[in-house]
Amino acid sequence: MKLLSLILAGLLLLSQLTPGGTIKCWNFHGKCRQKCFKKEKVYVYCTNNKLCCVKSRYLPKNLPWQI
């Protein structure tokens, strides 16, 4: 049972990798990077302590911390 859980966890992590080696985040609309590009915004942080860089069009319209 533990082996099956480890295999499933490994497959889940591998499924988030893109061919470029970056991890996808924010419902697969963002990429985990050290620094975002100009047209991207940081919405959340990735589990690998990098920024989740998301293009503006994929961000929610109303951000709860902005008034």
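Everything that follows concerns the structure shown earlier in this document.
These figures come from a predicted structure and were not determined experimentally.

Enquirer: I'd like to hear about the nonpolar core, residue by residue, with values.
Expert: Side chains of a nonpolar character, in soluble globular proteins, are inclined to be buried together. Membership of the largest hydrophobic core is limited to seven residues, which are Cys25, Cys32, Tyr43, Cys46, Cys52, Val54 and Leu59. Ignoring anything within four residues of it in the chain, the contact list for cysteine 52 reads Cys25, Trp26, Gly30, Lys31, Lys41, Val42, Tyr43, Val44, Tyr45 and Cys46.

Enquirer: For the side chain of arginine 33, give the residues involved together with the corresponding values.
Expert: Within the fold, arginine 33 resides in strand β2 (residues 30-33). A distance of 2.6 Å separates a polar atom in the side chain of arginine 33 from a polar atom in the side chain of glutamate 40. In contact with arginine 33, other than residues within four places in its own chain, are Glu40, Lys50, Leu51 and Cys53.

Enquirer: So, the state of the cysteines: which residues are in play, and what are the values?
Expert: Inspection of every chain in the model, using the stated rule, returns three disulfides. One disulfide in the model links cysteine 25 with cysteine 52; its S-S distance is 2.0 Å. Here the S-S torsion is close to 100 degrees, and the disulfide linking cysteine 25 with cysteine 52 is therefore right-handed. Of this pair, cysteine 25 sits in strand β1 (residues 24-25) while cysteine 52 sits in strand β4 (residues 51-55), placing them 27 residues apart in sequence. Neither residue differs from the other here; cysteine 25 and cysteine 52 are each classed as buried. Covalent S-S linkage joins cysteine 32 and cysteine 46, the inter-sulfur distance amounting to 2.0 Å. Across the S-S bond linking cysteine 32 and cysteine 46, the dihedral sits near -95 degrees, which makes this disulfide left-handed. Separated by 14 residues along the polypeptide, cysteine 32 in strand β2 and cysteine 46 in the loop between β3 (40-45) and β4 bring together distant segments of the chain. Given a relative accessible area of 6%, cysteine 32 falls into the buried group. Taken in N- to C-terminal order, the disulfide-linked cysteines of the chain are connected 1-5, 2-4, 3-6.

Enquirer: Got a sec to walk through the pattern of salt bridges? Specific residues and values, please.
Expert: Taken as a whole and assessed by the stated rule, the structure comprises one salt bridge. For arginine 33, the salt bridge identified is with glutamate 40, shortest N-O distance 2.6 Å. Judged on exposure class, the residue arginine 33 and its partner glutamate 40 are both buried.

Definitions and cut-offs
Residues numbered from 1 in each chain as written. Predicted model: local features only at pLDDT ≥ 70, side-chain atom pairs only at ≥ 80, totals over all residues. Heavy atoms only, no water. Core = buried A, V, L, I, M, F, W, Y, C linked by side-chain atoms within 4.5 Å. Buried < 20%, exposed > 50% of the residue type's maximum accessible area, 1.4 Å probe, protein only. Contact = heavy atoms within 4.5 Å. Helix = DSSP H or I, 4+ residues; strand = E, 2+ residues; numbered from the N terminus. Polar contact = N/O pair within 3.5 Å; in protein donor to acceptor, adjacent residues only side chain to side chain. Disulfide = S-S within 2.5 Å. Salt bridge = Lys/Arg side-chain N within 4 Å of Asp/Glu carboxyl O.

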